[in-house]
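An overview of the molecular structure
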Amino acid sequence: MDKIATPALDQDFIAQQNAPRAAALQDEYDALGRSLDRRGIDIEHVTAAVGAFAVAAPSWAVGSGGTRFARFPMGGEPRNIFDKLEDCAVVNRLGGATPTVSLHFPWDEVEDVAALKEYGNSLGLGFDAVNSNTFQDHPGNPLHPLSYKYGSLSHTDPAVRAQAVAHNIRCAELGAKLGSKALTVWIGDGSNFPGQQHFGRAFDRYIAGVQEIYAGIPEDLRLFLEHKMYEPAFYSTVIQDWGSSLLAAQAVGDRCLCLVDLGHHAPNVNIEMIVSRLLHARKLAGFHFNDSKYGDDDLDAGAIEPYRLFLVFNELVEAARNQAPGFDPSYMLDQSHNVTDPIESLMTSAVEVQRAYAQALLVDRAALDGFQDTNDPLMASQTLKRAFTTDVAPILAMARQRKHAAIDPVSAYRASFYRETVSRIRPAKSGGSGGIV
Ligand code: LRH
Ligand code: MN
């Protein structure tokens, strides 16, 4: 398959875009370097860590998102997984932080998996955790003749559960062919009425189903369980919170871990505490980063609560510092872009995740330990705030420049006229109803 011809993927174009910005960046970087040096921090250490940091792009988020009320497609909507990979390649080429893509099956399923792998690799992309889908029916798909209306892995009908288990194992096998090392299982199973579902029996059926999946997937694959408070079920959800997810993961096995989607909690829940608990249990799978104000809003990471994102990374940097056993979290974005160009939102969201990480690396942990141990809450809080209020933008931009990505990804993207290019070559998609894709 021929790669799309666009300056957005062209080294020289990016170098041209960076040239007029390089001197100012170097000046700001040197100034920050001197300031951090006075704090006993080597800026090069932080820039190298940021450069090595990567977050996966979700294939399902490069098309315009929508709600149950409406979806407003833009020009150049991706028509298939190959278009989605091209868009993800632009996000990575200019943003320099998303070298892998997380696929969703059956949305991204193709006959020739080897060709898909090859095309992704030819665009400089690898494949992260794959996602199964037993939260929608797939009319006409011979592998899903039975409906998931009343659930999937926790369904009362063993035939529906068997269908869901088989689908998950198949997703893991497809993922393994692509080089993916994990399968994420999120199910919408639950109830809308008190009494509709037996909480205990539904949970038992779910655990039995995940145990079957675990036994059926390649031995080097990890299995990620994703909890969510509500939606599509509005009274109870089988895997409603981190506690349910942890109980299930502990019942299934060592490679079964708990994935934290930031939007899957009630407003004001202390997510960084949940991260600390899952680390304690050695069961942290990783993250679906996004932001929210009310429900599972799937807004751009860092757009609403950047301090919360920083506090999550504060726990992760602390865990790395303590060499927490089995610490190898998977980082992914999971967003829905209803009013922005998804490529711009994904690039800037990856930068916001990097920003939180870089700021967490600036925390004076020895001082913090001291203030915590001597019960000096004010200075403990100030120690975190000092890191959070440090403008690390020169570090993030320098890390991009050193990767030959764009110092200013959004202005380079707009200067590439990529959206105009794909709007010309990809037939316009009519409106259509809600749903992620
Ligand atoms: C559920 C979820 C899950 C995905 C879906 C696209 O809300 O976060 O991770 O399967 O979004
Ligand atoms: Mn998610």
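Quick look at the coordination of the manganese ion (ligand 2)
Around the manganese ion (ligand 2), the protein contributes the donor atoms Glu226 (OE), Asp261 (OD), His288 (ND1) and Asp334 (OD), which lie 2.1 to 2.2 Å from the metal centre. Classification of the site at the manganese ion (ligand 2) rests on its six donor atoms, whose angles at the metal span 72 to 169°, yielding the label octahedral. All donors to the manganese ion (ligand 2) come from one chain, and their sequence spacing reads E-x34-D-x26-H-x45-D. Within this pair, whereas aspartate 261 is found in strand S9 (residues 256-261), its partner histidine 288 is found in strand S10 (residues 284-289), the two being separated by 27 residues in sequence. Given a relative accessible area of 0%, aspartate 261 falls into the buried group.

Topic: the nonpolar core
Here is a general trend for soluble globular proteins: nonpolar side chains tend to be buried in one another's company. Counting residues in hydrophobic clusters, the biggest one holds 118 residues, and the most contacted among them are Tyr206, Leu223, Phe287, Phe289 and Phe313. Ranked by residues supplied to this core, first place goes to helix H10 (residues 342-361) with 10 residues. If sequence neighbours within four positions are ignored, phenylalanine 313 has contacts with Phe53, Phe289, Tyr331, Val353, Ala356, Tyr357 and Ala360. Ala129, Ala182, Ala285 and Met332 belong to the second-largest nonpolar core, a separate cluster that totals eight residues.

As for the site of ligand 1
As a structural note, the neighbourhood of ligand 1 is formed by 12 residues, with His104, Glu226, Lys228, Asp261 and Asp334 the closest of them. Histidine 104 has a polar side-chain atom sitting 2.8 Å from an oxygen atom of ligand 1. Between an oxygen atom of ligand 1 and a side-chain N or O atom of aspartate 334, the distance comes to 2.7 Å. In the complex, 97% of the free accessible area of ligand 1, which totals 290 Å², lies under the protein chains. Among the residues forming the shell around ligand 1, the class breakdown is four nonpolar, three polar and five charged.

Details of the side chain of glutamate 77
By the secondary structure assignment, glutamate 77 is in the loop between strand S1 (57-58) and helix H3 (81-95). One polar contact links glutamate 77 to serine 64, side chain to side chain, over a distance of 2.6 Å.

Digging into helix H6 (residues 199-216)
With 18 residues, H6 should reach 26 Å at 1.5 Å per residue; the first-to-last C-alpha distance of 26 Å fits that figure. Of all the positions in H6, only Ala202, Phe203, Arg205, Tyr206, Ile207, Gly209, Val210, Ile213 and Tyr214 are classed as buried. Elements in contact with the buried residues of H6: helix H5 (158-178), strand S5 (182-185), strand S7 (222-226), helix H7 (242-252) and S9.

Definitions and limits used
Residues numbered from 1 in each chain as written. Chains lettered and ligands numbered in written order. Predicted model: local features only at pLDDT ≥ 70, side-chain atom pairs only at ≥ 80, totals over all residues. Heavy atoms only, no water. Donors = N, O, S within 2.8 Å, 3.2 Å for Na, K, Ca; no water. Tetrahedral: all angles 85-135°; square planar, octahedral: opposite > 155°, others 65-115°. Helix = DSSP H or I, 4+ residues; strand = E, 2+ residues; numbered from the N terminus. Buried < 20%, exposed > 50% of the residue type's maximum accessible area, 1.4 Å probe, protein only. Core = buried A, V, L, I, M, F, W, Y, C linked by side-chain atoms within 4.5 Å. Contact = heavy atoms within 4.5 Å. Near = heavy atom within 4 Å. Polar contact = N/O pair within 3.5 Å; in protein donor to acceptor, adjacent residues only side chain to side chain. Areas by Shrake-Rupley, 256 points an atom, 1.4 Å probe, with all protein chains shown as cover. Nonpolar A, V, L, I, M, F, W, Y, C, P; charged D, E, K, R; others polar. Expected span 1.5 Å × (residues − 1).

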